[in-house]
Amino acid sequence: MAEAAPSHPALPSGLLELCALLGPSRDSLRGPEVSFRQGVGSPSPLDPEVLSVFVPPFVTKEDSPTAGVSSATLSKTRRRSFRKKRDKPKTEPWKGLPPEDVSVPDGVDLLALPQLCFPGRIVFLQRQGALGAILADGGRGWLLCPLRRVRDLQAALLQRPQGLPVLIFNMKPLQIVFPSRADPESPVIDLDLHLPLLCFRPEKVLQILTCLLTEQRIVFFSSSWALLPLVAECFLAYLHPLQWQHTFVPILSRQMLDFVMAPTSFLMGCHLDHFDEVSKEADGLILIDMDNGSVTCSDDREVHVPDIPLLAAHTFIQRVQSLRLHHELDLAHLGTSTDLNEGRARRRAWQRSLNCQVQHAALQLLVDVFRDVKNHLNYEHRVFNSEEFLKTRAPGDQRFYRQVLDTYMFHSFLKARLSRRMDAFAQMDLHTQSEEDRLNGMLVSPRRPTIEKMTSRKFSPLHIAHRRMVVSMPNLQDIAVPELPARNASLRKVDTAGCGSGSIALNVSPKPTYMFKIPEIHFPLVSQCVQAYYADCVAQLTKAMSLLAPDSSVLLARYFYLRGAVHLMHGQLLDALLDFQSLYKTDIRIFPADLVRRTVRSLSGPQRAQAEQVPELRRLISEVVDKAGEATKPDDRVKNFELPKKHMQLDDFVRRVQESGIVKDTDIIHRLFEALTVGHEKQIDPETFKDFYNCWKEAEAEAQEVSLPLSVMEHLDKNECVYKLSSSVKTNRGVGKIAMTQKRLFLLTEGRPGYVEISTFRNIEEVRSTTVAFLLLRIPTLKIKTVSKKEVFEANLKTECDLWHLMVKEMWAGKKLADDHKDPQYIQQALTHVLLMDAVVGTLPSPGAIYAASKLSHFDRMKNEMPTAVPKTTSETLKHKINPSAGETLPRAVDVLLYTPGHLDPAEKVEDARPKLWCALSEGKVTVFDASSWTVHQHCFKAGNSKVNCMVMAEQNQVWVGSEDSVIYIINVHSMSCNKQLTDHRSGVTDLAVQSGTPSKVYSSSTDGTILAWNASTLRVTDRFQLPGGRLSSISLHDGCLWCCTGNSIVAMTSGGLLCQELRVSENFKDISTSFLSFQLLPEQEQLWAACAGLDSIYTWSLKDLTQRPQAVRLQDCSEVSCMIRVKKQIWVGGTGLAQGKSKGKIYVIDAERKTVEKELVAHVDTVKTLCSAEDRYVLSGSGKAEGKIAIWKVE
């Protein structure tokens, strides 16, 4: 027996999930109609019911192509309509339940639908010919007409992908437009988002947003039924990406008013006629009157909802007042259009632009309110330290944050932050962060207010008002915001030049959209017409795809989605899967994994076998279906930090300190553990940890309150921070407090505050702790000798002397190491050691506290125990070091580096046109640095979970990342997102090579010997060939040939896969067991340079004759070669070798013409894993996981 073909899976609910016909029954209309004809009586009230329910696809199985019905049958077909039978007993009024034979999709509840659609009284007005009847409901008019067109419409609606394009289709005489999402994380906006701004003053809008953020019990009122859901939906859109987690009922009829008695949070809407009734019956409700623009409380009390923080509110009000909210006034300067469609298009464009500005202002408000949350998160352990976050808030904002932090909405927000989701909030936070925040991302030392921030704080009237407010601050609308521009929203633009960021909203423009017109619907909806309609859709989508520009991958992905959905409805499952496979590698963000999984499972046996024969589909099935069960559910828990309640061993102590946010570096925490357990059993009791934690936080709070006079701040750099202040002491330069920054020591004199320079850490020559006789006493004194001054600084620090002696020596040693190694991380780590010393001394009893704190003098001990200097050649060539693992618990190996030059692309912002350094760390983590300042441009995103083997730039806007998991990940350099994946390789991708052209071609290789040639624009494979033997490690293009290193040989092949030349390792090293590791081609010298495993030399061959014996360039003290690159006329070789008796990461610089080693650089503590060139002016090297840093070298 032939296997029955299973029916194809239905698309998930999209634009419409069902069509329901509601109204009074035919029987209930007879009486009013007779009375109307006779002119007797007034309109009588009617009870609405669910009359019919229609669910897609509205074509029965008998009409589908799989049923075998002849396409020539044009007779009228049955629809999937579930109608009420007349012989069924009549349902009770207002129950809203359809009869038993009316079935609806799972999860759809029609219980309250009649009341939602007809919340007022329904009366019969008149008969309207053969069409139906005109009814009235609370002032609204309804025309009851046949639903033939509505049913026909649903058959053509598709599940629309996220993002572009905008879908348009004609349902004559209407033209229906479905808007697109701004991005996959954003909701579809088909609202006039400025409506709340017309109903309420900006201060009231903020008050309502606060009610939502604190999850109050909220009821909207209006005399217009239509306005209730619109305004409520607008407010929920303002909260994006935060989401309302509670009950939302936009319209309550009179029979549903008891819903407002619910004890939990909710958002509901009522007619204004019910205002008094609701306000009397329920307590604790927030009553919002749209008609009057008022916000009140149901128990006749003032609204005690806390206000949004003033600084964020001030910016939001400025933005709102700069908006032009009236279409007629905004477009008054344009000529009147005589084309109705043109007028509608102009209105849509204006509304879309205004919506974008409103969304931007609302999102900026949320970012201003919650930006500092990330500073109190521990991503490794998914901990949020709420108490410490609250301590950093201004007193007047405490009540607001305390209420918000307890909400379900904020808890969901925390989950997204801890998962590092790059949603709209994260993107705006990244794009609007200050330069100080970018620098803080590179620091491992605790944050303190910079001199620049202190200066701005002193002159900010808003900040002064902010700090003076107490918890019982008045309502926001009663606060006079300083220098608020007068509202003149729609007549002209407000000049916001002096309003900080208030003008940002004016410069926001919506992303461009593309219109795709869906073919007109064929009537009647019989099988042949439906199939013809699907064919028209496919043809039109295919034509649109063929006309796309090569760089329109975002739009192409949406077309793949739409065409795949049409194929699915058409029953062409394999064609649908091919489209979804193309979508998978074009934009994985909108890939419908569940739909594809259900489609694959619905394939018949022959169809599954046919799909398995197509390589692309076989890989898609493996990735989406077979591996779906292997994926582990990500941990989305959020833990609040709590002090320990039991004794802690080392591992538990490390975790607790990291959760607290004090220190993340595991090595530093190990030193802290040694300090706190000196002379005791190697465990820490809860009381000691609590005392240490309190000492640390008290010192942190004191540092936040440090305020220096302007005369002192003039002597300091803007990025300096005061990390430690002594008590008032007597010195040989006056009485005052000694202050320590990351750069210097200075004396803050008392009386008339002044600045006296003691020394920068770089200029310190000697630090001693002595005693000075005073009468019969010996007073502990700190002496600091500097290079530039003959006079020794002396300070009678008394009990603080030993601690300051340790701290100054540690900072001095850290600064020396930072200068020698060109690595500012040393001074940051020294600062952390110093602050931990201070906390340890405050925690432990005084007799042994100083000795315990000395366990943290790590760099001072290094300087005394290993006084070896950095070699002169290394010091002269090294320019700088950066740490891509800053903020991590442990260093990560730097697997691959890629430098991309700066250029101003029309699609880029000016600040994004700078050169970038792409750094691939272990486990697929990619961090991006701004190469003009060496600050973090993008903290991290994931390119899979496996080791990255290679990276290249293609088409000036794509970075291709080859991974050990056999996938090529493509990063868009404009959006900094990784949404494309190429999955054609079957083993780890080892190398990538770009061939310039239009469009450019990218070659990729994998360990099994497969080489694929890709069109960089279409992302399609144009050529494929296989090298025998496998072990393919690297490829390079030269003179139209592709050179490949396979371990046993280096071969040259044509673009078609034909062998041109071959260099075998066995023929050149007959007596040695080795293999090729890497190679470089020097076209000018016509030479091939190669490194071999286990050999301490680099070998060169002539490209003219590879059979000649190679020349060897010996690398002294080299034990392993890991990478090599060509820079100008030099070959830079990275690996491992001996330096000063220890194994180090070394770089050998070889003159390619003379074949001699020019420089031998001691680069890293661990091996040199990767090298890359930056415009032939600098070479960047990345080290193994023991160090995990990047060094920047000058090329001569």
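All of these numbers come straight from a predicted model, not from anything done at the bench. (Residues numbered from 1 in each chain as written. Predicted model: local features only at pLDDT ≥ 70, side-chain atom pairs only at ≥ 80, totals over all residues. Heavy atoms only, no water.)

Engineer: Is there a simple way to explain the packing of aromatic side chains in this structure?
Structural biologist: Think of a pair of aromatic rings as described by two things: how far the centres are apart, and how the planes are tilted against each other in angle. Using the criterion set out here, one finds 25 aromatic pairs in the structure. Judged by centre distance (5.3 Å) and plane angle (85°), the rings of F389 and Y401 are edge-to-face. One end of the pair, F389, is in helix α11 (residues 386-391); the other, Y401, is in helix α12 (residues 398-404), with 12 residues separating them in the sequence. In this structure F389 comes out as buried when scored by relative accessible area, which is 0%. Through successive ring pairs, a cluster of aromatic residues spans F370, F384, F389, F400, Y401, F410, F413 and F425. Positioned above the aromatic ring of Y401, the side-chain terminus of R393 is 5.6 Å from the ring centre. One cation-aromatic arrangement involves K1189 over Y826; the distance from NZ or CZ to the ring centre is 4.7 Å. (Phe/Tyr/Trp six-rings, centres within 6.5 Å; stacked < 30°, edge-to-face > 60°. Helix = DSSP H or I, 4+ residues; strand = E, 2+ residues; numbered from the N terminus. Buried < 20%, exposed > 50% of the residue type's maximum accessible area, 1.4 Å probe, protein only. Lys NZ or Arg CZ within 6 Å of the ring centre and 35° of its normal.)

Engineer: Just checking my understanding: could you explain the sheet that holds strand β16 (residues 383-384) for this structure?
Structural biologist: Spatially, β15-β16-β18 is the arrangement adopted by the 3 strands of the open sheet, whose pairing is mixed. One side of each edge strand has no neighbouring strand; the edge strands of this open sheet are β15 (377-378) and β18 (639-640). Sheet topology note: the β16/β18 ladder contains 2 bridges and is parallel. What sits directly across from V383, in β18, is K639. (Pairing = 2+ DSSP bridges.)

Engineer: When you look at the sheet that holds strand β38 (residues 1010-1015) in this model, what are you seeing that I'm missing?
Structural biologist: With antiparallel pairing, the 4 strands of this open sheet are ordered in space as β36-β37-β38-β39. Single-partner strands in this sheet number two, and they are β36 (989-995) and β39 (1020-1026). Neighbour to neighbour, the strand axes of the sheet diverge by 20° on average, direction disregarded. The sheet contact formed by β36 and strand β37 (residues 1001-1006) spans 6 bridges and is antiparallel. Paired with D991 across the strands is S1005, a residue of β37. (Axes fitted to C-alpha atoms, helices over the stretch in contact; angles between N-to-C directions.)

Engineer: Would you mind showing me how to read the nonpolar core here?
Structural biologist: A general feature of soluble globular proteins is that nonpolar side chains tend to end up buried together. Membership of the largest hydrophobic core comes to 73 residues, with the highest contact counts inside it found for F220, F235 and F370. Sort the elements by how many residues they give to this core and helix α10 (residues 340-370) lands first, with 11 residues. Among the nonpolar cores identified, the runner-up in size contains 63 residues, and Y723, V808, L831 and F859 belong to it. (Core = buried A, V, L, I, M, F, W, Y, C linked by side-chain atoms within 4.5 Å.)

Engineer: Please clarify how the environment of P519 should be interpreted in this entry.
Structural biologist: Considering the arrangement of structural elements, one finds P519 in the loop between β17 (515-518) and α18 (527-546). Along the backbone, P519 and Q540 are 21 residues apart, and their C-alpha atoms lie at a distance of 7.8 Å. The contacts of P519, once residues within four sequence positions are left out, are Y533, D536, C537 and Q540. (Contact = heavy atoms within 4.5 Å.)

Engineer: Teacher, can you tell me more about the pattern of salt bridges here?
Structural biologist: Any two side chains of opposite charge can pair if their charged atoms end up close together. The final tally for this structure, using the stated rule, is 50 salt bridges. A salt bridge links D930 to R914, with the nearest nitrogen and oxygen atoms 3.1 Å apart. You can see D930 sitting in strand β30 (residues 925-930) and its partner R914 sitting in the loop between β28 (894-900) and β29 (916-921), a full 16 residues away along the chain. Relative accessible area serves as the criterion here: at 40%, R914 is assigned to the partly exposed category. One salt-bridge network, in which partners are shared between bridges, spans D368, R371, K374 and D429. (Salt bridge = Lys/Arg side-chain N within 4 Å of Asp/Glu carboxyl O.)

Engineer: Would you mind going over the packing of α10 against helix α14 (residues 424-432) with me for this structure?
Structural biologist: Running from N to C, α10 and α14 cross one another at 75°; their axes reach a closest spacing of 10 Å. Relative to α14, the element α10 lies roughly perpendicular. Along the contact surface, α10 presents H360, L363, Q364, L366, V367 and F370, while α14 presents A424, F425, M428, D429 and T432. A breakdown of the residues in the contact of α10 with α14 according to their chemical character gives 7 nonpolar, 3 polar and 1 charged. (Parallel < 35°, antiparallel > 145°, perpendicular 65-115°, else oblique. Nonpolar A, V, L, I, M, F, W, Y, C, P; charged D, E, K, R; others polar.)

Engineer: Explain the pairing of strand β46 (residues 1097-1102) to me, please; I cannot follow it from the model alone.
Structural biologist: The two faces of the sheet receive side chains in turn, since in a regular strand these alternate between them. Counted residue by residue, β46 has 5 buried out of 6 residues, so it is predominantly covered. With 5 bridges connecting them, strand β45 (residues 1087-1092) and β46 associate as antiparallel partners. Pairing of Q1087 across the sheet is with S1102, part of β46. Hairpin connection from β45 to β46: 4 residues lie between these consecutive antiparallel strands, with G1094 at a positive phi of about 80°. Pairing between β46 and strand β47 (residues 1111-1114): 4 bridges, direction antiparallel.

Engineer: What exactly am I supposed to notice about the confidence of the model for the protein chain here?
Structural biologist: Any residue range with low pLDDT should be treated as having predicted coordinates unsuitable for detailed reading. Summary statistics for the protein chain give a mean pLDDT of 80 and a share of 79% for residues scoring 70 or more. Note on residues 462-506: pLDDT under 50 across the span, and 87 contacts to partners over four residues away in sequence or across chains. (pLDDT = per-residue confidence, 0-100.)

Engineer: Is there a simple way to think about helix α28 (residues 801-821) in this case?
Structural biologist: Think of an α-helix as turning once every 3.6 residues; residues three or four places apart then point the same way. Taking 1.5 Å of rise per residue, 21 residues should cover 30 Å, and α28 covers 30 Å from first to last C-alpha, within 8% of that figure. Within two residues after α28, K822 carries a phi angle of roughly 55°, on the positive side. (Expected span 1.5 Å × (residues − 1).)

Engineer: Could you clarify how one ought to interpret the pairing of strand β34 (residues 968-972) in this entry?
Structural biologist: Along β34, 4 of the 5 residues are buried, which leaves the element largely enclosed by surrounding structure. Of the strand pairs in this sheet, strand β33 (residues 958-963) and β34 are connected by 5 bridges, and their pairing is antiparallel. Opposite Q958, over in β34, you have N972 as the bridge partner. Between β33 and β34, which pair antiparallel one after the other, the connecting turn spans 4 residues, and S966 there sits at a positive phi close to 75°.

Engineer: I tried to follow the packing of helix α29 (residues 825-843) against helix α30 (residues 846-853) on my own but got confused; where do I start?
Structural biologist: Geometrically, a packed helix pair is captured by the angle between its two axes and the distance between the axes. In contact at an axis separation of 8 Å, α29 and α30 are set at 160° when each is read in the N-to-C sense. Judged on the interaxial angle alone, α30 and α29 are roughly antiparallel. α30 is crossed by α29, and the crossing has right-handed handedness. For the pair α29 and α30, the contacting residues are M837, V840 and V841 in the first and A849, I850, A852 and A853 in the second. Considered class by class, the residues forming the contact of α29 with α30 number 7 nonpolar, no polar and no charged. (Left-handed = near helix turned anticlockwise from the far one by under 90°.)

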